[in-house]
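# Coordinates in review
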Amino acid sequence: MGIRVYQLAKELGLESKELMSRLQKLGIKVSGHMNSLGEDSVSKIKDALKPSAKKEPVKKPAADKKPVLTKKEKVVKPATPVSVPVQKPASSVAVVQAPAPVLAPAPAVAPVVTPVVSGAPQIPKKVILKKFSLTVKDFSQNIGLTVPELIKRLMKRKVFATINQTLEKTVMEEVALELNLSLEFPQSVEEIALTAHNELDDPKELVSRGPVVTFMGHVDHGKTSLLDYIRKTRVAAKETGGITQHIGAYQVQIGEGKVTFLDTPGHEAFTALRARGANATDVVVLVVAADDGVMPQTIEAIDHARAANVPIVVAINKCDLPTANLDRIKTKLAELNLLTEDWGGKTVAIPVSAKTGTGVDTLLEMLLLETDLLELKANLKKPASGVVIEAKLTGERGAVATVLVQNGTLRIGDPVLCGSRWGKIRALWNDRLQTVQEAPPAMPVEILGLSGVPEAGDKFYVLPGVEQAKEIATKRLARKEELGVRATRSHVTLEDLYQQIKEGKIKELKLITKADVQGSLEVLNQIITRLGTEEVKVNIIHSGVGDISESDIMLAAASDAITIGFHVRVDFNAQASAARERVDLRTYDIIYEVENAVRAAMEGLLEPEIQEQMVGKAEVIETFNVPKAGTIAGCKITDGKIHRKALLRVIRGKDVIFKGKIGSLRRFKEDVREVLQGVECGLGIEGFNEIHKGDLLEAYEEIEKERKLARN
Ligand code: GDP
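So, here is what we can say about the structure in this document. None of the values given here were measured: they were computed from a predicted structure. (Residues numbered from 1 in each chain as written. Predicted model: local features only at pLDDT ≥ 70, side-chain atom pairs only at ≥ 80, totals over all residues. Heavy atoms only, no water.)

### Structural notes on the packing of helix α11 (residues 267-275) against helix α18 (residues 550-559)
Running from amino to carboxyl end, α11 crosses α18 at an angle of 35°, the nearest separation of the two axes being 8 Å. In this structure, the crossing between α11 and α18 has a hand that is left-handed. Here H267, E268, T271, A272, R274 and A275 of α11 lie close against α18, whose contacting residues are S551, M554, L555, A557, A558 and S559. (Axes fitted to C-alpha atoms, helices over the stretch in contact; angles between N-to-C directions. Helix = DSSP H or I, 4+ residues; strand = E, 2+ residues; numbered from the N terminus. Left-handed = near helix turned anticlockwise from the far one by under 90°. Contact = heavy atoms within 4.5 Å.)

Encoded structure:
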């Protein structure tokens with residue numbers, strides 16, 4: 001099997017799109033980035049991409065000038081892994097024929113390593129995998145590492161997997177990259193089934209689609225009222241039935257265009273979907289009450305929208321109130337880098353009232369105008385794909401999901417894969433509870449016919465056949481259950497920051513900062529921002545006064561940011577979601593500690609944190625002198641257990657008099673691996689013979705701390 005377009009693109013440091021257009025120019029036909037390329041095509045493109053020294057002789061640079069690379073030359077340089085391969089491939093001969101002595105014994109899944117291009121040592125060696133899903137053991141054999149070596153490398157990336165646990169593809173790819181190997185996976189059933197969705201759209205088939213809008217802003221500023229007002233009033237006279245039913249989203253006609261509103265306002269919902277990998281919103285309407293002005297959650301909403309790179313249109317609500325003060329709000333907005341159009345800026349801000357309806361039409365028209373600039377396009381002819389907005393189990397209808405079609409046209413009878421659910425579309429309802437035959441892009445519809453309830457944020461795809469959908473969904477479901485504790489990678493952490501910088505994965509360190517008072521927050525932000533370098537910028541995507549909340553964590557999860565608190569607490573939900581989403585969350589009480597930690601992380605000097613974990617306690621009842629072995633303590637385990645590999649602390653009175661390793665652990669002259677609570681044993685301590693009757697022993701393990709959870 002050849003190499004796929006996206007893989008080759010990655011190898012060459014090009015965008016798939018760019019590579020495809022270059023291939024096309026060479027007369028090599030490709031329809032999508034999943035296409036396989038034969039060896040001929042690969043060498044053709046590689047030749048074409050070589051710095052064109054032979055074809056067009058480049059003028060010799062003047063001796064005193066450094067040669068300047070053209071942009072093209074920079075791009076075509078083969079991606080060189082930055083980390084030094086531990087086991088540098090001696091040659092590009094297939095490993096099967098000439099296994100290096102360090103390789104593990106004959107693997108269950110035979111590795112086939114083929115040379116990509118001879119004579120180009122920096123091009124990673126290819127490892128063809130026969131299976132898509134590999135356990136730690138299988139994978140270690142395929143890449144010629146021992147299991148402990150692999151586990152060490154996994155732990156470095158905060159992946160704690162046991163020998164029989166299945167690894168995520170991205171994790172395997174990262175480890176391979178370190179070893180200067182490139183993995184080639186067999187095409188999975190899933191990839192084959194999704195071929196049509198992965199193919200780039202023919203620009204000729206693209207048509208404009210309406211924008212999808214989310215309302216955000218401070219509580220009580222009128223988000224719900226505005227959504228309700230629009231829902232109730234925007235029904236053309238000839239249409240029957242209002243948009244009465246809450247299906248989580250609705251669509252209204254405005255002149256020639258349509259605007260879709262996500263009916264769950266607020267940045268929490270917005271960011272929660274994003275944290276699930278679903279970017280459903282095209283524009284954010286920031287609602288600011290004219291009588292109240294910019295408030296903490298207004299700022300939060302702005303930061304959430306910006307982190308998602310979604311444009312903002314401002315609705316200054318409650319303009320019917322006599323206390324409304326537009327200028328004050330515009331001044332505040334300007335301070336937040338949202339200078340309004342009438343003041344010479346770019347931000348559209350419309351005064352509205354959800355109570356009287358003033359300005360709402362203008363707001364809707366502006367939404368259409370504003371999104372014209374975004375050139376939102378979709379392909380009506382493609383099989384549909386999109387995202388689940390919400391889903392529930394109903395008594396009469398079974399599993400019902402509201403989905404937003406993002407591309408293609410969804411029709412009754414379509415076989416769908418939706419997260420780990422599958423089915424055939426039995427019915428489609430629009431936001432007025434009317435049945436429809438089909439749903440084009442940007443239309444929210446309720447769908448019926450799924451095998452179970454999917455999760456909000458799950459993607460759905462129409463597949464060629466229902467059997468495929470069933471097979472993939474069933475596998476996904478089984479995998480989800482199997483991976484109760486998922487062997488997945490966490491988000492960026494201070495510990496792995498340097499590694500990621502080195503690998504070129506991070507150009508920007510994103511941070512969320514929270515402090516107890518505004519003054520400290522400003523100092524903190526100043527200090528942290530100053531740590532940015534040419535290589536890595538520091539970008540504080542959100543910062544605020546107050547405790548760390550779940551909303552902060554979701555933003556961090558959605559944006560791959562690290563959360564730093566100074567003199568603040570972490571609320572319980574935030575604590576729980578940080579653990580669940582594997583977000584690096586740290587709190588400090590001394591400002592220079594923050595500075596030190598971030599600087600050390602950026603320079604790769606951050607020591608992994610070692611945490612002690614108590615495993616058991618014992619009391620020394622008697623001591624014996626054993627020739628050669630030294631003093632042996634006859635003890636009784638009073639708590640937990642003691643195992644052979646544990647470390648020991650010897651406590652006499654209130655003092656720790658020795659720390660060290662266990663030399664021997666025996667029961668009735670037999671060496672044992674562990675002794676449980678209530679049981680007596682003989683225990684020798686390496687390099688320590690001064691043990692006395694009555695001493696207490698504490699056994700503990702040192703584990704690398706996965707994440708420094710905040711102290712509360
Ligand atoms: P949300 O928390 O942002 O969703 O705010 P709501 O839509 O629940 O509105 C909060 C309060 O403000 C409610 O009592 C509304 O009746 C009131 N409200 C909303 N919009 C307007 C408006 O345009 N004018 C006036 N006077 N009150 C409004």
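### Focus: the sheet that holds strand β10 (residues 283-289)
Strand order in the open sheet formed by six strands is β8-β9-β7-β10-β11-β12, and the pairing between neighbours is mixed. Strands at the two margins of the open sheet, each flanked by one partner only, are β8 (249-254) and β12 (349-351). Taking each pair of neighbouring strands and ignoring which way they run, the sheet shows an average axis angle of 30°. For strand β7 (residues 212-217) and strand β9 (residues 257-262), the ladder comprises three bridges, and the chain directions are parallel. Across the sheet, the residue bridging to T214 is L262, located in β9. The sheet strands contacting helix α10 (residues 223-233) are β7, β8, β9, β10 and β11 (312-317), and the helix crosses β7 at an angle near 145°. Where helix α13 (residues 326-335) meets the sheet, its contacts fall on β10, β11 and β12, and the angle it forms with β11 comes to roughly 155°. (Pairing = 2+ DSSP bridges.)

### Regarding the sheet that holds strand β17 (residues 415-418)
What the six strands build is a closed barrel, ordered β14-β15-β20-β18-β17-β21; its pairing is antiparallel. Across the sheet, the mean angle separating the axes of adjacent strands is 45° when strand polarity is ignored. When β17 meets strand β21 (residues 459-462), the two strands line up antiparallel, connected through three bridges. By the bridge assignment, L417 is partnered in β21 with Y461.

### Some words on a negative patch on the surface
Where like charges cluster on the molecular surface, the negative patch consists of D220, D291, D292 and D320. By the element assignment, D320 lies in the loop between β11 and α13. Under the relative-accessibility criterion, D320 is labelled partly exposed at 32%. (Patch = residues over 30% accessible without salt bridge, like charges linked within 9 Å, V, L, I, M, F, W, Y side chains within 5 Å. Areas by Shrake-Rupley, 256 points an atom, 1.4 Å probe, with all protein chains shown as cover. Salt bridge = Lys/Arg side-chain N within 4 Å of Asp/Glu carboxyl O. Lys, Arg positive; Asp, Glu negative; His and termini not counted. Charge placed at Lys NZ, Arg CZ, Asp CG, Glu CD. Buried < 20%, exposed > 50% of the residue type's maximum accessible area, 1.4 Å probe, protein only.)

### Some points on α11
Taken together, the buried positions of α11 are H267, F270, T271, L273, R274 and A275. Taken together, the buried residues of α11 touch β7, β10, α12 (296-307), β14 (385-394) and α18. Following α11 by one or two positions, G277 has its phi on the positive side, about 90°.

### As for the pairing of strand β20 (residues 444-450)
The buried fraction of β20 is high, at seven of seven residues. In this structure, strand β15 (residues 398-407) lies alongside β20, joined through five bridges in antiparallel fashion. Bridging from a neighbouring strand, V400 pairs with L448 of β20. As judged from the four bridges shared by strand β18 (residues 421-429) and β20, these two strands associate in the antiparallel manner. Each bridged residue has a counterpart across the sheet, and for A427 the counterpart in β20 is L448.

As far as function goes, none of this settles anything; it's purely spatial.
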